[in-house]
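# Fold and geometry: a report
This is what each chain is made of:
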Amino acid sequence: MDKKARCGLINQIVATSCTLLGFIFSCIAVSSCSFIGRKSDWFSSFYNDDYYSGYLTESDFDYRFGMWKFETDATGCVDYDDYSYLVEVDALVEAARAFGVMSALFGGVVLVTMLIGLFLVYPMVIWRVIMSFLFVIAIFQLLTLSFFWI
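Counting from 1, residues in each chain are numbered in the order their sequence is written. Totals for whole chains, interfaces and linings use every residue, but because this is a predicted model, local features are given only for residues with pLDDT of at least 70 and side-chain atom pairs only at 80 or more, for both listing and counting. Here the side-chain values reflect all heavy atoms present in the structure, with hydrogen atoms and water set aside.

All right, on to the side chain of Arg97 then. Helix and strand definitions follow DSSP, with helices as H or I runs of at least four residues and strands as E runs of at least two, each counted in order from the N terminus. Summarising the element assignment, Arg97 is placed in helix α4 (residues 91-117). Any two residues whose heavy atoms approach within 4.5 Å at even a single point are treated as in contact. Not counting chain neighbours up to four residues away, the residues in contact with Arg97 comprise Met67, Trp68, Tyr80 and Val89.

What follows is the structure, given as C-alpha cells:
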C-alpha cells in the first residue's frame, strides 16, 4: 500500500468514526427526555410563601424537555399528551421532531454506506454524494434546534 492510499484510508476511517459519533448523538438527542433543561421562575414566587415553603423544593420546578416526552423531578419522564395543560406542542416542536428523525435516519444510511466504503473502492463521485448528504444532515440537525423556541 502506497502512501497516498494509506492516507486515503486513514481519512475514511476518521470520517466514518465522526459519522458514527454524530449518528449516536443524534439518536440520543431524539430519544431522550432531557434534550434541553429549564429552571422555572415559579419557584422564587412560591418559596417566599410560608404555606408552600415546607412542601415544595426547588427541584420540583426543574423541567427537562425531550422531543417526545418531558421530565420533572416530581413526575419522571412522561408524554406531552398526558400533561397537555403544562406544555403546548406547536409547529416548531413538530418541525424539530421531523428534522431530528430525518437526520437520524439519513445519518444511519450514510453511516452504513461509509462502513461499506471501508471495504469496497467507491468512485470519487460516490464520495462526493456522501459528503453532500452529510452537509444536508448537518443542516437538518441544526434545524432540530428550532425546539428551543418553545
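It is worth spelling out the nonpolar core at this point. Among the buried residues, those of types Ala, Val, Leu, Ile, Met, Phe, Trp, Tyr and Cys that are joined through side-chain atoms within 4.5 Å form a nonpolar core. Buried means the residue's accessible area, taken with a 1.4 Å probe over protein chains only, is under 20% of the maximum for its type, while exposed means over 50%, and partly exposed covers the values in between. In terms of nonpolar packing, the biggest core is built from six residues, these being Val110, Met114, Tyr122, Trp127, Ile130 and Ile137. Only α4 and α5 (124-143) provide two or more residues apiece to this core. With three residues, α5 is the single largest residue contributor to this core. Ignoring any residue separated from it by four or fewer positions in sequence, one finds Ile130 in contact with Val110, Thr113, Met114 and Tyr122. Ile36, Phe65, Phe70 and Tyr80 belong to the second-largest nonpolar core, a separate cluster that totals five residues.

Another aspect to go through is the confidence of the model for the protein chain. Values of pLDDT, the confidence the predictor places in each residue, fall between 0 and 100. Model confidence for the protein chain is summarised by a mean pLDDT of 76, while 71% of its residues fall at 70 or above. The element-level mean pLDDT for the protein chain is lowest in helix α2 (residues 42-47), coming to 48, with α5 highest at 90.

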